[in-house]
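Residues per chain are reported as follows:
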Amino acid sequence: MATEYPSEKIKYINPVRISHTYPAFASDEEVEAANQINVWHKFILFDVRKEQKEMVLDRFIEICSPVFFIPVKYTQESETKATFLSFCRSQTIQKLALQKLQFKLKNGKTIYYDIVLSFLSFNDMQLNPQAIISEAIKSRFIKDIAIKNFCKTFNLENFSNDPLFTSIYCPIHIPIMFDAILRFSKSVACGNNTRDKLPVKDLILRNNNLDTLLFSEKIFSYHLTKLDVRDNKLRDINLLRPFAEYKIIELWLDGNPLCDEYESVKDYVTAVKSIFPSVQILDGQSIGMEQRYMPSFHKHFIGDRNKISLIKQFVQHFFTCYDQDDRIVLNGLYDATAIFSMTVGQITDNSHKELIKSFATNRNLLKFVDYAKCTEFLLYGPEKIISILRQEPPTLHKLSLLDIDVLHHTSNHFSLSVQGPFIYRKTKASPLWFHRTLIVIAKQDNEYCIVNDQYHIDNCPTSFTDFRNLYINSGNVVPVYKPLSFSNGEKFQLQKCLQELTTMNPEYSDKCLKEANYDLHRAIRNFMTNYTNNKIPLEAFRW
């Protein structure tokens with residue numbers, strides 16, 4: 001990847017256009033225009049639609065191989081005409097002309113194009129793709145502070161869509177581009193010393209549409225022990241052989257078609273072990289325990305280990321709030337568009353039946369006589385949801401007894417399944433079992449809100465016997481809810497709640513909350529005291 005962008009001024013050459021209708025490249029004028037080394041050539045594509053951009057550019061890069069070809073400033077000028085600029089040598093222009101300025105896409109469609117040679121000088125458009133790629137690569141290195149010149153992680157996840165690539169197209173899934181990016185990464189990290197290898201422990205190539213992993217030289221040092229190629233298009237385990245020389249201990253492959261090629265987990269593990277005999281963690285699960293009598297067991301399934309802290313923090317916060325005497329503290333946890341539904345199983349204990357009658361909005365479709373209640377029992381919005389949840393008697397959930405599974409997750413949301421025993425702590429009723437499916441989305445200010453809550457209550461399974469740890473004693477009480485800080489979204493929810501309870505306008509509601517340090521209970525008590533003593537001005541109720 002040694003493209004140069006010289007700054008010295010060379011005599012200006014008039015643009016020369018070669019057309020697909022007569023793709024000759026022989027005149028002195030054309031050769032001279034193509035030989036300029038400080039100019040951009042313009043490529044004009046015909047019968048190309050907006051949705052075909054990536055398909056067309058991918059193919060263009062492939063036909064220019066082995067030359068490293070980077071399209072810049074791609075523009076859809078009309079419904080069927082697109083243009084882009086690029087720098088390339090006369091040999092590449094000659095090759096394209098011999099191909100009659102046309103190529104076929106994978107779907108069989110033929111694309112025709114013209115080239116305007118020496119269309120624009122570097123001085124007229126100062127854009128250096130190599131410098132942009134270099135900056136993008138630098139931002140992907142996570143260095144180990146404790147060890148000088150050592151990069152703990154090289155994260156190339158979704159590299160083609162890097163925010164720095166607004167003007168250039170750099171698809172890492174094309175083999176020549178993948179190889180060039182890796183070699184360029186080594187030069188960025190190691191400088192001009194070609195003998196040095198990239199000192200990286202973790203390599204992340206996730207979500208890059210990769211269908212091959214070929215590279216032309218040994219890039220990484222022996223430190224490489226983790227390889228993450230999730231969510232790509234790898235169809236054969238043997239495509240990973242270029243990394244077989246490294247002692248890979250942790251490997252992530254899920255999200256690739258190859259994972260569906262095996263009839264059993266054992267076959268899958270055996271295939272992986274044939275290439276990476278040292279692997280100990282595969283797709284987040286410990287392997288290599290075939291000789292043990294007891295199989296490995298994981299209480300929680302959280303596919304991305306980086307999210308363990310977030311998931312546990314969210315679950316702890318939710319059930320701490322839920323177990324308070326007044327669930328008004330759940331304000332801020334449900335999104336404005338949240339949906340809630342509740343179902344109840346075949347409860348056998350009479351004491352439980354009486355309890356559930358007082359609050360349950362059972363949406364069990366198999367039990368409906370009046371199907372109009374399907375809509376009535378599907379609750380929308382935090383006000384209605386929290387109002388129903390406040391009718392349920394105070395509960396106690398022991399986090400150590402809960403099973404947590406992440407059903408799905410992306411960068412901005414996750415779907416969470418939580419189940420386990422709980423008790424109604426102000427009664428003598430025996431424990432019940434619950435199952436809760438929560439869909440949680442990320443908002444601003446690192447805030448997470450529930451958009452869908454499916455709540456099911458049933459009898460405890462006969463296999464559950466750990467009743468003693470559920471009951472309250474002197475050392476087993478509900479954690480005290482102590483709000484330390486609120487995001488802007490949570491503050492807005494609290495303010496809205498106080499407005500509805502007191503009929504004060506937003507300005508005075510916010511003032512009242514600030515004085516109570518956003519403790520809603522305290523704010524309500526202060527309001528009642530001041531209202532009784534006529535200390536709240538009439539302006540507080542004017543909207």
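If you're wondering where the values come from, they're calculated on a predicted model, not measured in any experiment.

This part takes up the overall build of the protein. When helices and strands are counted, the protein shows 13 helices and 20 strands. Every one of the 543 residues in the protein was classed for burial, and the buried ones make up 47%. Summarising the internal contacts of the protein: among those between residues at least 6 apart in sequence, 67% fall at separations of at least 24. Per element, the accessible surface of the protein, about 28800 Å² overall, is 50% carbon and sulfur.

Once that is clear, we can look at the pairing of strand β18 (residues 413–424). Counting buried positions along β18 gives 10 out of 12 residues, so the element sits mostly inside the fold. Pairing of strand β17 (residues 403–409) with β18, which is carried by 6 bridges, proceeds in the antiparallel orientation. The partner of His409 across the bridge, within β18, is Phe414. Here β17 hands over to β18 after 3 residues, the two strands then running antiparallel side by side. In terms of strand pairing, β18 meets strand β19 (residues 432–442) through 10 bridges, oriented antiparallel. Across the sheet, residue Ser417 finds its bridge partner in β19, namely Thr437.

A separate point is the pattern of salt bridges. By the definition in use, this model includes 22 salt bridges. Linking Glu62 and Arg59 is a salt bridge whose minimum nitrogen-to-oxygen distance equals 3.4 Å. Of this pair, Glu62 and Arg59 both sit in helix α2 (residues 53–64), 3 residues apart, which is roughly one turn of that helix. Note that Asp453 is salt-bridged to Arg436, the shortest N-O span being 3.0 Å. Taken together, the positions of Asp453 in strand β20 (residues 448–459) and Arg436 in strand β19 put the pair 17 residues apart, joining distant regions of the chain.

What follows is about the environment of Ile328. Its place among the elements puts Ile328 in the loop between α7 (308–322) and β14 (334–344). A relative accessible area of 6% means that Ile328 is categorised as buried. Sequence separation between Ile328 and Ile386 is 58 residues; the distance between their C-alpha atoms is 6.7 Å. In this view, Ile328 contacts Ile386, Arg390, Cys497, Leu520 and His521; residues no more than four positions away in its chain are not counted.

Structurally, Ser19 is set in the loop between β1 (16–18) and α1 (28–34). Beyond its immediate sequence surroundings of up to four residues, Ser19 is in contact with Leu101 and Asp114.

Our next topic: the confidence of the model for the protein. Regions with low pLDDT should not have their predicted coordinates read in detail. On average, residues of the protein carry a pLDDT of 84, and 85% of them reach 70 or more. Model confidence for the protein, summarised as mean pLDDT per element, is weakest for helix α9 (residues 373–376) at 74 and strongest for strand β4 (residues 81–86) at 96. Of the regions scoring below 50 in pLDDT, residues 290–297 engages in 3 contacts with residues more than four places distant in sequence or in other chains. For the stretch residues 472–476, pLDDT sits under 50, and the model shows 8 contacts to residues farther than four places along the chain or on other chains.

This paragraph deals with the environment of Phe541. By secondary structure assignment, the location of Phe541 is in the segment after α13 (520–532). Along the backbone, Phe541 and Asn505 are 36 residues apart, and their C-alpha atoms lie at a distance of 5.7 Å.

This paragraph deals with helix α3 (residues 90–98). Residues of α3 that are buried: Ser90, Thr92, Ile93, Leu96 and Ala97. One side of α3 carries all its buried residues, which in axial view fall inside an arc of 155°. Turned more than 90 degrees away from the buried face of α3 sit Gln91 and Leu98, all of them exposed. Buried positions along α3 lie against β1, α1, β2 (39–46), α2 and β6 (110–121). Of the residues trailing α3, Lys100 is marked for its positive phi of about 65°.

A few words now on the packing of helix α4 (residues 129–138) against helix α5 (residues 175–190). Across the interface, α4 lies against α5 with an axial gap of 10 Å and an inter-helix angle of 75°. When the axis of α4 is compared with that of α5, the two are roughly perpendicular. Each of Gln130, Ile133, Ser134, Ile137 and Lys138 in α4 lies in contact with α5, whose residues at this interface are Ile181, Phe184, Ser185 and Val188. Its residues assigned to classes, the contact of α4 with α5 shows 5 nonpolar, 3 polar and 1 charged.

Our focus in this paragraph is the environment of Ala360. For Ala360, the location among the structural elements is in the loop between α8 (350–357) and α9. For the pair Ala360 and Thr343, spaced 17 residues apart in sequence, the C-alpha separation works out to 8.0 Å. Sequence-distant contacts of Ala360, that is, excluding residues within four places in its chain, are made with Met342 and Val344.

Quick look at the side chain of Gln52 now. By the element assignment, Gln52 lies in the loop between β2 and α2. In this structure Gln52 comes out as buried when scored by relative accessible area, which is 12%.

Scanning all chains against the criterion turns up 28 aromatic pairs. Pairwise contacts between aromatic rings join Phe318, Phe319, Tyr322, Phe422, Tyr424, Phe434 and Tyr455 into one cluster. One Lys or Arg, Arg230, reaches over the ring of Trp252 and ends 4.0 Å from the middle of that ring. Positioned over the ring face of Tyr322 is Arg327, at 4.3 Å from the centre of the ring.

A few words on the nonpolar core. Ranked by internal contacts, the top residues of the largest apolar core, which has 90 residues, are Leu45, Phe60, Tyr113, Leu205, Phe220, Phe243 and Leu253. The element contributing the most residues to this core is α5, with 7 residues. The contacts of Phe60, once residues within four sequence positions are left out, are Phe43, Leu45, Phe69, Phe84, Leu96, Phe103 and Tyr113. Ile356, Leu389, Val406 and Tyr518 belong to the second largest nonpolar core, which has 54 residues in total.

Below, the discussion takes up α4. Within the span of α4, buried status applies to Pro129, Ile132, Ile133, Ser134, Ala136 and Ile137. Its side-chain oxygen 3.1 Å from the backbone nitrogen of Gln130, Asn128 forms the N-cap of α4.

Moving on to unusual backbone geometry. Of the consecutive residues Ser65 and Pro66, the connecting peptide bond is found in the cis state with omega at 10°. With respect to the helices, strands and loops of the structure, Pro66 is situated in the loop between α2 and β3 (72–76). The phi dihedral of Thr503 falls on the positive side, at around 65°, and the residue is not glycine. Within the fold, Thr503 resides in the loop between α11 (488–502) and α12 (506–515). The partly exposed category is assigned to Thr503, whose relative accessible area is 48%.

Rules behind the numbers
- Residues numbered from 1 in each chain as written.
- Predicted model: local features only at pLDDT ≥ 70, side-chain atom pairs only at ≥ 80, totals over all residues.
- Heavy atoms only, no water.
- Helix = DSSP H or I, 4+ residues; strand = E, 2+ residues; numbered from the N terminus.
- Buried < 20%, exposed > 50% of the residue type's maximum accessible area, 1.4 Å probe, protein only.
- Contact = heavy atoms within 4.5 Å.
- Areas by Shrake-Rupley, 256 points an atom, 1.4 Å probe, with all protein chains shown as cover.
- Pairing = 2+ DSSP bridges.
- Salt bridge = Lys/Arg side-chain N within 4 Å of Asp/Glu carboxyl O.
- pLDDT = per-residue confidence, 0-100.
- Arc of directions from axis to C-beta.
- Axes fitted to C-alpha atoms, helices over the stretch in contact; angles between N-to-C directions.
- Parallel < 35°, antiparallel > 145°, perpendicular 65-115°, else oblique.
- Nonpolar A, V, L, I, M, F, W, Y, C, P; charged D, E, K, R; others polar.
- Phe/Tyr/Trp six-rings, centres within 6.5 Å; stacked < 30°, edge-to-face > 60°.
- Lys NZ or Arg CZ within 6 Å of the ring centre and 35° of its normal.
- Core = buried A, V, L, I, M, F, W, Y, C linked by side-chain atoms within 4.5 Å.
- Polar contact = N/O pair within 3.5 Å; in protein donor to acceptor, adjacent residues only side chain to side chain.

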